[in-house]
Each structure stands twice: as C-alpha cells, then as structure tokens.
Number of protein chains: 2
Amino acid sequence: MIGKTRLERLFNPRSVAVVGASANPGKLGFHVMKSLVKGGYRGKIIPINPEAREIMGHPVCGSLSQCGEDLDLVVVVVPAAQVPGVFAECARRKTGGIALITAGFREIEDPAGGELHERLLDIIEGQGIPVIGPNTYGFVNLRADLNASFTPEFSALKKGSLALVAQSGGISHLLGFLAGEAKAGLSKIIGLGNRLNVDFPEVLEYLMEDGDSSVLIFYLEGLEDPRRLIEAGRRHRGRKPVLVYKAGKARVGNEASRSHTGTLAGRGEIYRGAFRQGGLFEIDDLTLLLDTARALALCPEPAGAGVAILTAQAGLGIVAADICEAEGLEVAAFTAATSETINGLLPPVAFRGNPVDMGPAWYDVPRLEGILKAAMEDENVHLILLLIVFASANAEVLAGLEGMLGRWRQKKPLLCCLSAPQDLWDEEINRLEEAGAIVNYPTPERAARAAAQLWRYKSLLGRPIGPV
Amino acid sequence: MIGKTRLERLFNPRSVAVVGASANPGKLGFHVMKSLVKGGYRGKIIPINPEAREIMGHPVCGSLSQCGEDLDLVVVVVPAAQVPGVFAECARRKTGGIALITAGFREIEDPAGGELHERLLDIIEGQGIPVIGPNTYGFVNLRADLNASFTPEFSALKKGSLALVAQSGGISHLLGFLAGEAKAGLSKIIGLGNRLNVDFPEVLEYLMEDGDSSVLIFYLEGLEDPRRLIEAGRRHRGRKPVLVYKAGKARVGNEASRSHTGTLAGRGEIYRGAFRQGGLFEIDDLTLLLDTARALALCPEPAGAGVAILTAQAGLGIVAADICEAEGLEVAAFTAATSETINGLLPPVAFRGNPVDMGPAWYDVPRLEGILKAAMEDENVHLILLLIVFASANAEVLAGLEGMLGRWRQKKPLLCCLSAPQDLWDEEINRLEEAGAIVNYPTPERAARAAAQLWRYKSLLGRPIGPV
C-alpha cells in the first residue's frame, strides 16, 4: 500500500525542517521547535527562518531551498499566503512529508481559503507527498520521541499503544490530557485537520501495520466519502479495534461541525450503520471512549458475557451489578465448585452469591487470592470486576494484590475500581496496569461499563458482514 | 423538631469518648483515635480501654462508667456482644449521641444479629439518644474538624457545602475520594449503616437547618418506609437540593442490596415516582451525582433552558452542543445585539452563531471578556458553557480569565471545561471555584450534562405536587 510506505517516512523521519521556526514565544514556530528539541527527537532538526541564525541551539537555514539536506519531514507554520511557495519547494525536493500547521484554508468563510486548498493539491499532485493538515497542531510519534506539534507538553505523556487520530485539535488535546491523567499510554497523536491528502482511511491502513499501536481511536466530525473509511475498516476487520467517536450528531452540533471542517457532517444515523458494517466500534462519549480503549489495550478478549463481581464493600458491588445488567452483561451464576471454594473463604457476614461481598476477607491476601482464582477458573465467568475502596486499616492491600497478580497472568479481563485518597495507590495501580495484570477505573460504574464494552466489541465482530 | 436538636449535639459535640480506643494499628479503635486526634478536633477526647493508660497523648478511662464527663458523643468500636452494655451505660448517662461502628447486627445471616439490633433499640427506648449505625465507618463534620470515623484520610478533604449521606460505607468513601480529587468541598460525611434509629428523613430535616450544608447527596439502597423520606422531602421542597442515588435497581443488584442492609430494597420504578413527588432529585450515576452537586452548590439558578456555548476550539463546542440538545437544553439563538457584539470581536475564520468558536479571540482577554459579557447579558441565554483546552502559546489565559471573572460575579450559571496537562491550571481553577465564579469539569460533555441538570432540577421543582 502506498499509505504504509509514505506515512512510515512521515512518522519516522531522520530529519525535520521547521519552516517558520522562531525564537519568539509568541509564535507557534517557537512552540514547534520546543516540542522537537525538548521532546528528545534524535534526528536532525533544521529551523528555517530568514532572519534568525540559531534557535534553541540549532543553526538556522534562511530558506527551504538553501537546505542541503534530504528532508523527510517539513513542518510548516508560516502564514497561509506563503504556503504555496513552501509546497513548491517541497515538491521539487521530493520531501518525505509535510505537517501543515497553518490555518486559513478551507475552514474560513472567505472562498480564497478553499482556492488555496486546491492550489496546494495541484502543486504536489502526483508527488506522493503526504500532508498532515492544514489547520492542525501537527502530530506526535511518542514511541519515537518525535513531537512535531505546537504542544511541547505532549512529550510528557506516557508511551503506550493507543493511537489517537482526530479531526479536531481541541479534542486531540483534551483526549491527550485525559489519557495523561489516567496514565493511559499513547503511541501516536495525529491531528488530521482539513485533511488535504491524508485522511482517516489511509491512517487506518498505516496504523494496522504499525507495531507500536494496538488500539485506534478516531474522533471525526464529517467526511467527504465515509465509504472509503468503512471499506478500509472492513479490509482490516478484527485485526485491531478501531473506536470511532462521531461528533456533530445534534442539529446545532452538526451545523457547527460542517463549518469547522468545511465538509458535510451528515446526521449520526447515516454513519451509525455504516460504522457497524465496517467493524468500526462507535462510541459517543469521550470518557467512555478512553475507558474502552484502555480496556481493549490491557485486557484479553472475553469469551462470553458472564461477569463475576468481587467487592470489598457491598455498595460498590450493588452499583456495578446494576450497570452490568443494564449494559448487557450477565452477572454469572457460579458453578457449585466455585461457590463452595468462595464460601469456604468468606466469613458468615458476607453475601453468598455474585456479587461476592468479600467483607473482611479482602484484608487477607491469601483469601482474596483464593476468591479471585476461583472466579477466574469458573467456566461461567468471562470477565471479572474487582472493587476495593481504601480503608486505613488495610492500606497495604495493594502491595499484597500486586504480589499476587504478579504471580499469574490475567487469563480473563480483570477490570478494577481500586480507589484511594491522595494518590495513595497510584504507583501500585500503575505498575499493575503496565504489567498487563489489570485495568483500573475511578468508579465501579466506569469499570462495569468498560467490561460491557469489551463484550460489545467482541459481539460487533461476531456479526455477519452485510453489504456496505 | 426533635431531629434538629438531638442531631445538633451529636454532630457538634464538646466531648467524644471512644469505647474500644486502641494504640494497635490493627484495630479500628486506633484509626478512630487517629481521625479525632489528627483531624484537629478541638473538644475533649476520651479514649476508653480497660488495659491502656494513654493513647495518642490522651489519658485513657478504664470504662465508660468511670468517666466523670458529661458525654456528648460516644463512638463505639467494641465487638457486637459488648455493645448492649455500652448502650445501657450511655442511656444511664443521657449521652448526647452514639456512633456505632461495630458490625454484626441485622446485616449478618445469623438471626442473633437482628435480635441484638432490637435489643439495642429497647435499651435506649424513650431516651432520645440518636445512633449513627451500626455497621458504619462513623461520620465526619468537616466544618467542625470532627472526624468521628475510622478513616483519618477524610480529614484532608476540602471543606465546603456538600453534605454526603450514605447507607454504604464503600460508596461514602468512594464519593469522598472523588470529591477530594475534584476539589469539591464537603460539609459532612455521614454513614448511616443499618440505621438503628437515625434514618434519611431525620438527617434531611437536620441538614435543611444546617447552615454549613447547601446541597444534600443521599446514597440509598433500601428503606423500610420510603414514604417518610418523601414526606420530609415535600416539607422542605425547594429549600436545598436533595440528590438521591438509589442503588439496587437491577435484579441482582437489588438482591445484593437487600442482603447488605437487611431491608427490602424494592425495584427502582417504585421509588422513582415517589422521589419526584418529594422534590428529591434522582440521579443514577455516581459521576453525574457529584457533577450535579457541584453545579448546584456553585452556580445560581438558571431562569430558562437557553445555553450559550463559547469555545476556544471548535471540536469541544460541537461535542457540547450534541449533549445539550440531547439532554433538554436549547442552544440559544442570540439576540441581534449579542450577535453584533460577538461578530465584532471575532476574526473572519470563526463560526458565526452558537456555539461560538472564539478562534484566536480567546488569546485576547478583553475580547474573551467581551464575548462572555455579551452572552451573559443576552436575554435568550440562561446558562453558559465556556470550553478551553490548554495551548502552549496561551498558557497564561487562565490568569487573564481569573482577573476578568474576579471583576464581576456570575449572574448566570457559568460551567466550564478548562483542561490543561499536568495540573497546570489547577490553582487558578480552584480559586475561581472558591470565588463562586465558575464550576469546572474535565470534559465538555460533563460540563454540558451538569448544565442540563441545573435546568432539570429547576424543572423538577416547577412541577405541581401531587399526592404521595
């Protein structure tokens, strides 16, 4: 595929030129330079600016045409009127790719914006040069320490396997910051902007082959040709989860979206069925989007809808059971063997059934382990929710849990709500997630919903494929 | 009301005795003592323990009967079998109130638990001694620095006006920790447990008169007599919002709930209509529960359903507009005057309408202020959403926003999603919330849902009251 080849060079360049690099913090060209330099990029950085001589320790080139280098990536932050000249030079030099941050194209009211868009396309026609943007913050390849965006803060995000691709810069940033807070690891963050010639289908094809990315998150507002995305989805159906948030469903949102991206957004219903056909997993809440992505990245696939709810405090189990039932999971009936094992480990005050109110048993790691193992081995159980809220008298439980879960791998999805004040358990939880032992959520409801999403995704893939 | 008087002394005691106080961190009596001592309680603390002489710097009394003090509050953490003796002594001494942390009563399988429950009732019959519990963590009066619970960490929570009352200790802790993370201020945290003789209706009556509490959050699983709560709600309808989360709606959750609290939980539908009649605002998601409580505590009442969406990045506005429409708000049509003012402040690239995509105008505080003021003064606008995601080139916007909002009070609800990485804006947001200028949420969806809840609560109160 052309997509695989040309995006590979764009996302993993050996050299990056910044047209419009600046030493002035009031300019985006300053922030792009800072992102590259402070982000730890190990390739060659070439700031381009007709006036400066050195920016952040890097010698400046007066113009792109004066650069001797074979340029893999050119980041462009000069005003729109100067962009055609830059593109012509990129075309002449057979640049590997362009990240066009500049705005003022198809998204503006002035028809000159649309004309400029077409002109850029003409200039690079037939050259095979991929362009991220215009009207974007750029992109980040976290796993390569390449931050080609105007947001240096992206470099501090945790590396992982979630690939975030969005039409909106604001949503990219929001999801990136939310991922940072949830300690969710990202592989790439890509702002497609006005999608001059790189659109979701090509990125989907590329990310399917990208060894760094295991779950794809697409935020889109409107597409010129949704069919292409659906077809790309169908070609790779079941290989990696593709989560899609389609904004602009309501009347007003849709109107705003149309204007924002210069495309017809279309009503939500038109997209919904198509996504399903393409094996794309539609999610319409940003929190759930990230919660689902984390579950898919960190958990094995559930073989069924049976859930065991193991809870240290009864209330959490009741809340989780409500959600599980409402969201299509089955609160599993344990086998006789499981019930016997669990009852043997529980004190008389505990509830005998599922949810399992572990009562004081959660203070005792061997008993906790026995209960968890029994649930994990029960043939009627396909997912497990483990819910524990901090108690001062048992603050050490996480250390025990860590030792225990370190000894055996997650055979079935183990979704947790381990909640403590003042980040007291953060380190242990982080290590457990990094070891692939659990995935943690701030409320039992979010853990239960994420569990339901795992099963829903599996069910989506199980559907027969009809005509697009 | 008896409730007002007797709970006042319980929640604001001049002295607290801890029956079962301990210097051993493996005992709950240790954690209760730590809560009182480290929590900064200014009254007299009397640990009671037949063996120790001093605990955490406080001289120990060998037994309750040996205490010379007039005791306002007795916290009990001795085993269930010893509790009747303690209660008899409390009755003899006309103690102000009891927090009975001990478990092993009506919630256990053994019928002896239920019998013990009845026996306790008999012992204090006619004495008017209020009992929080049994089977609880206790309670916290944050505003009085009184932490009468086994969770010292509660003392670190922010003081504010949300009163949290729950039947479940786990949910109390979870909501407390979530409030801590959201920097939501709490007045009281009360764990009603098995509700020996203090139940939701009496606490509702008390909190209505409590100057420290402005919004009441009730988490309940099942009630013996829901009608009493509904009647109490009706008596105080509209005075302070009472948010109710009723768990145990699903089949399994309901079953677990019945066992947990030893009461019939009843199907959700039975409760739903009754809550509405009582002016109690039912919410069935823990995240939304806290989000709504914060909005009600920090925002004025909206006069209508018209919302203005002001956004720094178009994507956020589109997402918010989708939610507003779905949740019953109206994305307001601005008056001609507002449109003219806003268009005068916006660059040509921005979308002309509502949502207002402020584009680069949000980099300029006077223009941002002009837009916000125009929306605030528009007669069609009753609530405002302000959505801004951090940009490195405009990291200082919050300082400007703070100065601006400090100059004029919130006349209409101003709900924000101000999102930045690595807690960069936390301090400014916190100060703005404390000044009552805004309420902030982590996603535009949560801000929009909270806005819709403000209007929904107002609409709930507007309904005519029918028969219970």
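Here goes a summary of the coordinates provided. On a predicted model such as this, the values are computed, not experimentally measured, just so you know. (Residues numbered from 1 in each chain as written. Chains lettered and ligands numbered in written order. Predicted model: local features only at pLDDT ≥ 70, side-chain atom pairs only at ≥ 80, totals over all residues. Heavy atoms only, no water.)

Before going further, it helps to examine the overall build of chain A. Check the secondary structure of chain A and you find 16 helices and 20 strands. For 468 residues, the compact-globule estimate of 2.2 N^0.38 gives 23 Å, and the C-alpha radius of gyration of chain A, at 25 Å, lies within 12% of that figure. Considered along the principal axes of its C-alpha atoms, chain A spans approximately 80 × 50 × 35 Å. Relative to its full complement of 468 residues, chain A shows a buried share of 63%. The long-range fraction of contacts in chain A, counting pairs at least 24 apart against all pairs at least 6 apart in sequence, stands at 75%. Total accessible area on chain A stands at roughly 16400 Å², and carbon and sulfur atoms take up 50% of it. (Helix = DSSP H or I, 4+ residues; strand = E, 2+ residues; numbered from the N terminus. Rg over C-alpha atoms; globule rule 2.2 N^0.38 Å. Buried < 20%, exposed > 50% of the residue type's maximum accessible area, 1.4 Å probe, protein only. Contact = heavy atoms within 4.5 Å. Areas by Shrake-Rupley, 256 points an atom, 1.4 Å probe, with all protein chains shown as cover.)

Here chain B sits on chain A after a turn of 180° about the axis and a move of 0.0 Å along it, with an RMSD of 0.0 Å. Considering both components of the superposition, the chain copies are consistent with a two-fold axis. Interface residue correspondence from chain B to chain A reaches 100%, placing this contact among same-surface, isologous pairings. (Least-squares fit on C-alpha atoms with pLDDT ≥ 70 in both.)

Right, let's get into the interface of chain B and chain A. Chain B puts 69 residues into the contact, and the matching count from chain A is 69 residues. Approximately 5100 Å² of surface area, both sides summed, lies buried where chain B meets chain A, with 63% of it carried by carbon and sulfur atoms. Applying the counting rule to chain B against chain A returns 2 salt bridges. The residue arginine 449 of chain B makes a salt bridge to aspartate 285 of chain A at a minimum N-O spacing of 2.9 Å. At the surface where chain B touches chain A, the tally comes to 10 residue pairs in polar contact (both at pLDDT 80 or more). Of the residues assigned to the side of chain B that touches chain A, the class counts are 36 nonpolar, 18 polar and 15 charged. (Buried area = accessible area lost by both parts, 1.4 Å probe. Salt bridge = Lys/Arg side-chain N within 4 Å of Asp/Glu carboxyl O. Polar contact = N/O pair within 3.5 Å; in protein donor to acceptor, adjacent residues only side chain to side chain. Nonpolar A, V, L, I, M, F, W, Y, C, P; charged D, E, K, R; others polar.)

Right, let's talk about the sheet that holds strand S2 (residues 44–48) of chain A for a bit. To summarise the sheet geometry, strands pair through backbone hydrogen bonds and adopt either a parallel or an antiparallel arrangement. All names here are of chain A. Ordered in space as S2-S1-S5-S6-S7, the 5 strands form an open sheet in which the pairing is parallel. A single partner strand is all that each edge strand has here, and the edge strands are S2 and strand S7 (131–132). Taken strand by strand, helix H3 (residues 83–93) contacts strand S1 (15–19), strand S5 (73–76), strand S6 (97–100) and S7, and its axis lies near 165° from that of S6. (Pairing = 2+ DSSP bridges. Axes fitted to C-alpha atoms, helices over the stretch in contact; angles between N-to-C directions.)

What follows deals with helix H4 (residues 111–123) of chain B. Residues and elements named next belong to chain B. In a regular helix each residue adds 1.5 Å, so 13 residues correspond to 18 Å; H4 covers 19 Å between its end C-alpha atoms and thus fits that length. Turning to H4, its buried residues number three or more, namely Gly113, Leu116, His117 and Leu120. The buried residues of H4 occupy an angular sector of 105° when the element is viewed end-on, so they sit on one face. Every exposed residue of H4 that faces more than 90 degrees away from the buried side is listed here: Pro111, Glu115 and Asp122. On its buried face, H4 is in contact with helix H3 (83–93) and strand S6 (97–100). With a side-chain oxygen lying 2.9 Å from the backbone nitrogen of alanine 112, the N-terminal cap of H4 falls on aspartate 110. (Expected span 1.5 Å × (residues − 1). Arc of directions from axis to C-beta.)

All names here are of chain A. All chains considered together, the criterion is met by 52 salt bridges over all chains. The shortest N-O distance in the salt bridge between glutamate 224 and arginine 106 comes to 3.2 Å. Here the residue glutamate 224 occupies a position in the loop between strand S12 (215–220) and helix H7 (226–235), and arginine 106 occupies one in the loop between S6 and helix H4 (111–123), the gap between them amounting to 118 residues. Look at the salt bridges and you will find they share partners, linking Arg9, Arg14, Asp70 and Asp72 into a network.

To continue, consider the packing of helix H10 (residues 286–298) of chain A against helix H16 (residues 444–462) of chain A. Residues and elements named next belong to chain A. At their nearest, the axes of H10 and H16 sit 9 Å apart, and the two run at 65° to each other. With respect to each other, H10 and H16 are oriented roughly perpendicular. Where H10 crosses over H16, the handedness of that crossing is right-handed. Seen from H10, the contacting residues are Thr287, Leu288, Asp291, Thr292, Ala295 and Leu296; seen from H16, they are Arg446, Arg449, Ala450, Gln453, Leu454 and Tyr457. Residues that form the contact of H10 with H16 fall into these classes: 6 nonpolar, 3 polar and 3 charged. (Parallel < 35°, antiparallel > 145°, perpendicular 65-115°, else oblique. Left-handed = near helix turned anticlockwise from the far one by under 90°.)

It is worth spelling out the pairing of strand S8 (residues 138–141) of chain B at this point. Residue and element names in this part refer to chain B. The alternating pattern of S8 places Gly138 and Val140 and Phe139 and Asn141 on opposite faces, both of which are buried. Relative to strand S9 (residues 146–149), S8 is paired through 4 bridges, and the arrangement is antiparallel. In the sheet register, phenylalanine 139 faces S9, and the bridge partner there is alanine 148. If you look at the hairpin formed by S8 and S9, you'll find 4 residues sitting between the two strands, and aspartate 145 has a positive phi there, around 55°. Bridge analysis of S8 against strand S11 (residues 186–191) gives 3 bridges, and the strand direction is antiparallel.

Residues and elements named next belong to chain B. Strand order in the open sheet made by the 5 strands is S2-S1-S5-S6-S7, with parallel pairing throughout. Either end of the sheet is taken by a strand with one partner, and the two such strands are strand S2 (44–48) and strand S7 (131–132). Two elements, strand S1 (residues 15–19) and strand S5 (residues 73–76), share 4 bridges in a ladder whose sense is parallel. Residue pairing across strands places valine 19 opposite valine 76, the latter belonging to S5. Strand contacts of H3: S1, S5, S6 and S7, with the helix running at about 165° to S6, the strand carrying the most contacts.

The quantities given are spatial measurements derived from coordinates; they are silent on function.
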